[in-house]
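Residue-level structure breakdown
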Amino acid sequence: MIVRTAAEGKNTADLHEDLSSLVNMWQSIQNNLKGAVATSKILSEQTKTTSMLRDLLNEDFNKIVVNDRDIFTDTKNYIQRIAPEKADIVTFYQNGSPIFDSFGITKQVKSSFGKTVNMDSGAYLIIEHTEALHVIDVNSGYKSVSNNQEQNALETNLEAAEEIARQLRLRDLGGIIVVDFIDMKLPDNKRKLMERMEVYMSPDRAKHAVLPISKFGIMQITRQRMKPEMNINTQEACPSCNGTGKISSTLLLEDEIEKNLSYLVTHKNSNLKLVVHPILYAYLTKGWLWNTKMGKWKKKFGQKTRLEQDSNYHLTEYKFFDQHDEEIKL
């Protein structure tokens with residue numbers, strides 16, 4: 001038996017479980033070889049799913065939800081082999097809506113991977129990346145625990161320390177991380193923050209070191225990167241300007257709508273409905289009756305067009321609907 005350095009500090013039960021798993025794998029190979037005809041799979045490398053389960057699965061897991069039938073089967077078989085009593089925690093998701101949306105993961109990703117990370121108290125982090133290191137700035141926001149400024153700083157820093165440790169694992173930030181905490185005067189408070197940060201970093205499987213807070217309130221953390229840095233772009237191009245920062249003139253948009261309305265009326269469409277953003281709605285209905293844009297169009301085309309507003313539309317978006325409330329593609 002070869003015991004590698006990764007086994008250092010592990011208890012007997014862990015080593016025994018690993019050994020049993022290897023013996024079972026060997027027996028599985030022997031069984032698969034019997035009667036096997038090329039080409040047959042005797043043993044394959046672990047998938048990404050089983051690798052994650054191998055590294056992360058523990059007694060705290062009470063549910064695993066999978067939306068892919070193949071991954072579900074692999075997960076079920078893997079847990080059945082290493083922890084049969086937990087096989088029932090694997091469930092197949094077929095709810096219809098995206099699984100990440102259903103469990104709120106999409107929202108968490110969007111809020112967790114931006115430059116600004118907000119915390120429950122109102123305090124927030126600013127995470128910046130440079131060529132040589134990562135910089136995290138802690139800001140108190142509207143947080144106010146008491147009138148004691150030192151106590152406020154301590155409470156905010158302790159909350160920030162927990163979130164920082166989480167962010168380092170989520171994004172797998174490696175190298176030197178410089179954290180600018182809110183200034184504290186008392187050495188005891190700096191020591192408390194240092195000790196708490198070490199506690200929050202303890203579950204991190206990556207090698208890391210936390211250095212004491214400097215006299216400028218700066219803490220340095222070194223961390224080994226486990227995999228390529230996780231960098232998710234949480235910004236989206238503006239649907240109105242497509243990222244250009246400029247939108248069409250209101251007059252041009254008005255002409256465009258009128259041109260499309262003229263086309264629809266010419267092609268014998270009646271009882272039309274126009275849905276726009278509330279701001280565009282206000283522009284089209286300003287004035288008195290026949291002086292509004294809608295009033296002028298009614299007079300020009302000889303028929304009334306219903307106008308409705310929808311706040312889900314972006315600023316310059318508009319759509320025409322027929323008498324059956326079906327959208328008319330233009």
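Our subject in this report is the structure included herewith.

Criteria and cut-off values
- Residues numbered from 1 in each chain as written.
- Predicted model: local features only at pLDDT ≥ 70, side-chain atom pairs only at ≥ 80, totals over all residues.
- Heavy atoms only, no water.
- Helix = DSSP H or I, 4+ residues; strand = E, 2+ residues; numbered from the N terminus.
- Rg over C-alpha atoms; globule rule 2.2 N^0.38 Å.
- Buried < 20%, exposed > 50% of the residue type's maximum accessible area, 1.4 Å probe, protein only.
- Contact = heavy atoms within 4.5 Å.
- Phe/Tyr/Trp six-rings, centres within 6.5 Å; stacked < 30°, edge-to-face > 60°.
- Lys NZ or Arg CZ within 6 Å of the ring centre and 35° of its normal.
- Pairing = 2+ DSSP bridges.
- Axes fitted to C-alpha atoms, helices over the stretch in contact; angles between N-to-C directions.

**Remarks on the overall build of the chain**
Regarding its fold elements, the chain presents 10 helices and 12 strands. Relative to a compact globule of 330 residues, whose C-alpha radius of gyration would be 20 Å, the chain shows 30 Å and is clearly more extended. Along the first, second and third principal axes, the C-alpha set of the chain runs to 90 × 75 × 35 Å. Across the 330 residues in the chain, those meeting the buried criterion constitute 33%. Contacts in the chain between residues far apart in sequence, at least 24 positions, make up 61% of those at least 6 positions apart.

**Side note on the packing of aromatic side chains**
Evaluation of the coordinates by the stated rule reveals three aromatic pairs. Judged by centre distance (6.1 Å) and plane angle (85 degrees), the ring pair of Tyr318 and Phe320 falls under edge-to-face. Take Tyr318 and Phe320: they sit in the same class, and that class is buried. Looking at Lys273, its charged tip hangs above the ring of Phe321, at a distance of 5.1 Å from the centre. Residue placement shows Lys319 over the ring face of Tyr313; its charged tip is 5.5 Å from the ring centre.

**Some details on helix α2 (residues 48-56)**
Of the residues making up α2, those classed as buried are Thr49, Thr50, Ser51 and Leu53. Residues of α2 that are buried sit in contact with β1 (64-66) and α3 (69-82).

**Notes on the sheet that holds strand β6 (residues 175-180)**
If you trace the six strands from one edge of the open sheet to the other, you get β3-β4-β5-β6-β8-β7, paired in mixed fashion. Every other strand in the sheet has two partners, leaving β3 (116-118) and β7 (208-210) as the edge strands with one partner each. Adjacent strand axes in the sheet meet at a mean angle of 20 degrees, parallel and antiparallel pairs treated alike. Sheet topology places β6 next to strand β8 (residues 218-223); six bridges connect them, and they run antiparallel. Note on β8: the bridge partner recorded for Ile176 is Thr222. Along the sheet, helix α6 (residues 149-171) makes contact with β3, β4 (124-129), β5 (133-139), β6 and β8, crossing β5 at roughly 150 degrees.

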